[in-house]
Amino acid sequence: MTHWIETSPALARLGAPERALLQDLNPMDVPKGAVLFRPGDAVQGFVLVLQGRVEVFLTGANGRELMLYAVEPGQTCVQTTLGLLGEADYTGEAIATTPSRIVLVPRPTFLRLMEDSPSFRALVFSSMAVRMEEVIRLMERVSFQSVESRLASWLLARAENSRVAATHAEIAAQIGSAREVVSRRLDAFARRGWVRTERGLVEICDAAALKRLDAVTEGA
């Protein structure tokens, strides 16, 4: 039976000493919807996602959510990394959006690997750099792109057979807006014949129109 280390792209370049430290850790299966951490929780260890998808959100004082990034196999969670290196608690919330399989590397093991293993440090810092770049791009989109443009881009990226299964609240969290704003914009799209909506579903009827709107990078 293949050991979980062999199935993790993120660990492919680690040498024998590093793998020995991870050898006895056991993967955990988490169901869809499971909360892996919440704001204020202490960081217990370094999370490796072997299967599935985990999304990390920030929640404002007004209750609005914003998805910062998603963690998929071979990727790492920057909130966890910063918490382990800076001894800070979590500020966001992580939710498994699909059935997932993860491994938790305990803090002492993580810190030992960071100190002793150049290849592990490279893995952590390169992954963190990618994550920070994604967060910066998100901030740019939220600051400089119109809601309509962000909505069109997200629908096009998430569509399967021209259909997107998501509630208005879920879409709002993904694009950094409010549910009421998303509902109004989708209603406007529907009146123009670009989409058709029903509860928990958006069907794209005119992808070309959405692509034209996606090209608009500045607006209200």
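None of these values were measured; they are calculated from a predicted model.

Parameters and conventions
- Residues numbered from 1 in each chain as written.
- Predicted model: local features only at pLDDT ≥ 70, side-chain atom pairs only at ≥ 80, totals over all residues.
- Heavy atoms only, no water.
- Helix = DSSP H or I, 4+ residues; strand = E, 2+ residues; numbered from the N terminus.
- Buried < 20%, exposed > 50% of the residue type's maximum accessible area, 1.4 Å probe, protein only.
- Contact = heavy atoms within 4.5 Å.
- Areas by Shrake-Rupley, 256 points an atom, 1.4 Å probe, with all protein chains shown as cover.
- UniProt positions renumbered as here; feature names shortened; annotations may be inferred.
- Pairing = 2+ DSSP bridges.
- Axes fitted to C-alpha atoms, helices over the stretch in contact; angles between N-to-C directions.
- Phe/Tyr/Trp six-rings, centres within 6.5 Å; stacked < 30°, edge-to-face > 60°.

Asks: Now, about the overall build of the chain: what can you tell me, with residues and values included?
Replies: Helices and strands together make up the secondary structure of the chain, namely 9 helices and 10 strands. Along the three orthogonal principal directions, the C-alpha set of the chain runs to about 60 × 40 × 30 Å. Across the 220 residues of the chain, 43% fall into the buried class. Contacts spanning at least 24 positions in sequence make up 69% of the contacts within the chain whose residues lie at least 6 apart. Accessible surface, the chain: about 11700 Å² in total, of which carbon and sulfur atoms supply 52%.

Asks: So what about the UniProt feature "domain: HTH crp-type" (unreviewed entry) in the chain? Which residues, and what values?
Replies: Sites flagged by UniProt as "domain: HTH crp-type" (unreviewed entry) map to residues 145-208. Annotation note: span residues 145-208, helix share 55%, strand share 17%, distance between end C-alpha atoms 19 Å.

Asks: Go over the sheet that holds strand β10 (residues 201-204), please, and point to the residues and values.
Replies: Strand order in the open sheet made by the 3 strands is β8-β10-β9, with antiparallel pairing throughout. Two strands in the sheet have a free side with no partner beyond their single neighbour: β8 (163-165) and β9 (195-198). Averaged over all pairs of adjacent strands, the angle between strand axes in this sheet comes to 15°, irrespective of strand direction. For β9 and β10, the ladder comprises 4 bridges, and the chain directions are antiparallel. By the bridge assignment for β10, Thr197 is matched with Val202. Contacts between helix α6 (residues 147-158) and the sheet are confined to β8, β9 and β10, with β8 contributing the most and set at about 95° to the helix.

Asks: Provide a residue-level description of the sheet that holds strand β6 (residues 93-96), including the pertinent values.
Replies: Spatial ordering of the open sheet is given by β2-β6-β4-β5, a layout of 4 strands whose pairing is antiparallel. The open sheet is flanked by β2 (35-37) and β5 (65-71), the only strands paired with a single partner. Direction aside, the axes of adjacent strands within the sheet are offset by 30° on average. Bridge count between strand β4 (residues 54-59) and β5: 6 bridges; the pairing is antiparallel. Its bridge partner lying in β5, Glu55 is registered against Ala70.

Asks: Give me the side chain of Thr109: which residues, what numbers.
Replies: Tracing the sequence through the fold places Thr109 in helix α4 (residues 107-116). For Thr109, a relative accessible area of 18% gives the class buried. In this structure, Thr109 is in contact with Leu21 and Leu22, ignoring residues within four places of it in sequence.

Asks: Go over the packing of aromatic side chains with me, naming the residues and quoting the values.
Replies: In total, this model carries 5 aromatic pairs according to the counting rule given. Aromatic side chains Phe37 and Tyr90 sit 3.5 Å apart centroid to centroid with 0° between the ring planes, which places their arrangement in the stacked category. In this pair, Phe37 sits in strand β2 while Tyr90 sits in the loop between α3 (78-86) and β6, placing the two residues 53 residues apart along the sequence. Using a relative accessible area of 5% as the deciding quantity, one classes Phe37 as buried. Each ring, one from Phe189 and one from Trp194, has its centre 5.3 Å from the other, and the planes form 50°; the classification is tilted. Residue classification places Trp194 among the buried positions, given a relative accessible area of 16%. Clustering of aromatic rings is evident, with ring pairs tying together Phe46, Phe110 and Phe120.

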